[in-house]
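# Coordinates in review
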Amino acid sequence: MEQSSDRAESRHISTETLVWEGVTLSIAYEPSWLAMSEDYGPAHLEMHVVAPEGAPLPITETGYRSHFLARGIVEEHGGPVAYVRVWLDEAARAPGWKHAQVRRAQLSLF
């Protein structure tokens, strides 16, 4: 039991804010998820839309995303905000996202 509490006490989760195309996101990043090991284990990113509530993003329709990835990748991109910005920018180039943006911008009678 003590090992579990030691791990919980050693967890490091940073939280930052990103505004991307008018949408405010909260980004939580844990470089060593659950403090599993200093040499092994995934990193974890958790993002959710703060405002406007329920705004879609090209990486999530619900406004929430939990993502596990290999350690060091986020740091290689300059940190959590830089990593998520690149991820969003890249995903926004997809034809499906562009089409959805056009549909959302047009008024609909139905």
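For the structure, see preceding data.
Summary of the structure given here.

Rules behind the numbers
- Residues numbered from 1 in each chain as written.
- Predicted model: local features only at pLDDT ≥ 70, side-chain atom pairs only at ≥ 80, totals over all residues.
- Heavy atoms only, no water.
- Helix = DSSP H or I, 4+ residues; strand = E, 2+ residues; numbered from the N terminus.
- Buried < 20%, exposed > 50% of the residue type's maximum accessible area, 1.4 Å probe, protein only.
- Areas by Shrake-Rupley, 256 points an atom, 1.4 Å probe, with all protein chains shown as cover.
- Polar contact = N/O pair within 3.5 Å; in protein donor to acceptor, adjacent residues only side chain to side chain.

Looking now at the overall build of the chain. Helix and strand counts for the chain stand at four helices and four strands. Counting from the amino terminus, the chain carries its helices and strands in the arrangement α-β-β-β-β-α-α-α. Counting across all 110 residues of the chain, residues that qualify as buried make up 34%. For the chain, the exposed surface amounts to about 7400 Å²; the carbon and sulfur share of it is 54%.

To continue, consider the environment of P56. Following the sequence through the fold, P56 ends up in the loop between β3 (43-51) and β4 (64-69). A relative accessible area of 27% places P56 in the partly exposed class. As for P56 and W97, which are separated by 41 residues in sequence, their C-alpha atoms are 9.8 Å apart.

Here T60 lies in the loop between β3 and β4. Its relative accessible area of 9% is what places T60 among the buried residues. At a separation of 3.1 Å, a polar atom in the side chain of T60 contacts the side chain of T62. Of note is the side chain of T60, whose polar atom sits 2.8 Å from the backbone oxygen of Y64.

These figures come from the coordinates and say nothing about function on their own.
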